[in-house]
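Given next are the chains, with one letter for each unit.
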Amino acid sequence: MHELAITQSMITIVNETVKGKDVIVREIRIEIGQHTCIEKRTLEGCFEICTENTPLKGVQLTFIDVPASWKCSECHYTFEKRIGDTCPRCSNINLTMVTGRELQVKSLEVEPVNKDDSYGN
């Protein structure tokens, strides 16, 4: 279950990003490529467990799906819908995946912290 390691890395990235800032994280937007083999529900479950009793508890995870696309090495045509193993324009077999393997924290939604509430809830 690599989702646990991914979740822990994501939490580290978020915590390092907001460290020293007086903000509360409300939403984490995660870009996930079509070919990453990540189970979103498992990632959400891991996040829920890993953030229990932390300032990130209850933060909304939003997934941004990135479709796979390929580029032909011969004619440089880029396309999303792959039919077979050749370029739909020139039939070349040398294709490079351009998008579809992304896995990153794309952005955060934060708000100023309320000094009277240590977790901002």
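Residues numbered from 1 in each chain as written. Predicted model: local features only at pLDDT ≥ 70, side-chain atom pairs only at ≥ 80, totals over all residues. Heavy atoms only, no water.

*Asks:* Explain unusual backbone geometry here, please?
*Replies:* Most peptide bonds take the trans form, and the phi angle of most residues other than glycine is negative. Although it is not a glycine, Cys 37 adopts a positive phi angle of roughly 60 degrees. Note that Cys 37 resides in the loop between strand E1 (23–33) and helix H2 (40–50). Note on Cys 37: relative accessible area 62%, which makes it exposed. At Asn 53, a position not held by glycine, the phi torsion is positive, near 65 degrees. Structurally, Asn 53 is set in the loop between H2 and strand E2 (60–66). (Helix = DSSP H or I, 4+ residues; strand = E, 2+ residues; numbered from the N terminus. Buried < 20%, exposed > 50% of the residue type's maximum accessible area, 1.4 Å probe, protein only.)

*Asks:* I'm lost on the pairing of E1 in this one. Help?
*Replies:* Side-chain direction in a regular strand flips from residue to residue, so the side chains alternate between the two faces of the sheet. In terms of burial, E1 is a largely internal element, eight of the eleven residues being buried. Direction of pairing for E1 relative to strand E6 (residues 103–112): antiparallel, over a ladder of nine bridges. In the strand pairing of E6, Ile 28 is matched with Leu 108. As paired elements, E1 and E2 share seven bridges and run parallel to each other. What sits directly across from Glu 27, in E2, is Gln 60. Tracing the backbone out of E1, into H2 and back to the parallel element E2 gives a crossover that is right-handed. (Pairing = 2+ DSSP bridges. Right-handed = clockwise from strand over helix to strand, strands pointing away.)

*Asks:* How should I be thinking about the side chain of Glu 31 in this particular structure?
*Replies:* You can see Glu 31 is positioned in strand E1. In terms of polar contacts, Glu 31 uses its side chain to reach the side chain of Gln 104, at 2.5 Å. Residues within four places of Glu 31 in sequence aside, it is in contact with Ile 64, Val 66, Glu 102, Leu 103, Gln 104 and Lys 106. (Polar contact = N/O pair within 3.5 Å; in protein donor to acceptor, adjacent residues only side chain to side chain. Contact = heavy atoms within 4.5 Å.)

*Asks:* Quick question: what am I supposed to make of the environment of Glu 31 here?
*Replies:* For Glu 31, a relative accessible area of 13% puts it in the buried group. In this structure the C-alpha to C-alpha distance between Glu 31 and Thr 62, which are 31 residues apart in sequence, comes to 8.6 Å.

*Asks:* Sorry if this is basic, but what is going on with the sheet that holds strand E3 (residues 69–72) here?
*Replies:* The pairing of strands in a sheet happens through backbone hydrogen bonds and is either parallel or antiparallel. The three strands lie next to each other as E4-E3-E5, forming an open sheet whose pairing is antiparallel. Because the sheet does not close on itself, it has two edges, and the strands there are strand E4 (78–79) and strand E5 (95–99).

*Asks:* Help me understand the state of the cysteines, please; the structure alone is not making it clear to me.
*Replies:* When the sulfur atoms of two cysteines share a covalent bond, that bond is a disulfide. Applying the stated criterion across every chain yields a total of zero disulfides. Among the cysteines around Cys 37, which has no disulfide bond, Cys 46 carries the closest sulfur, lying 16 Å off. Residue Cys 46 stays outside any disulfide, its sulfur separated by 6.1 Å from that of Cys 50, the closest cysteine. Residue classification places Cys 46 among the buried positions, given a relative accessible area of 7%. (Disulfide = S-S within 2.5 Å.)

*Asks:* Just checking my understanding: could you explain the sheet that holds E6 for this structure?
*Replies:* Reading across the sheet, the three strands line up as E2-E1-E6 and stay open at both edges, with mixed pairing between neighbours. Every other strand in the sheet has two partners, leaving E2 and E6 as the edge strands with one partner each. Here the strands of the sheet are splayed against their neighbours by 20 degrees on average, with no regard to which way each runs. Sitting on the sheet, helix H1 (residues 2–18) is in contact with E1, E2 and E6, with an inclination near 40 degrees to E6. Across the sheet, H2 touches E1 and E2, and the angle it forms with E2 is around 155 degrees. (Axes fitted to C-alpha atoms, helices over the stretch in contact; angles between N-to-C directions.)

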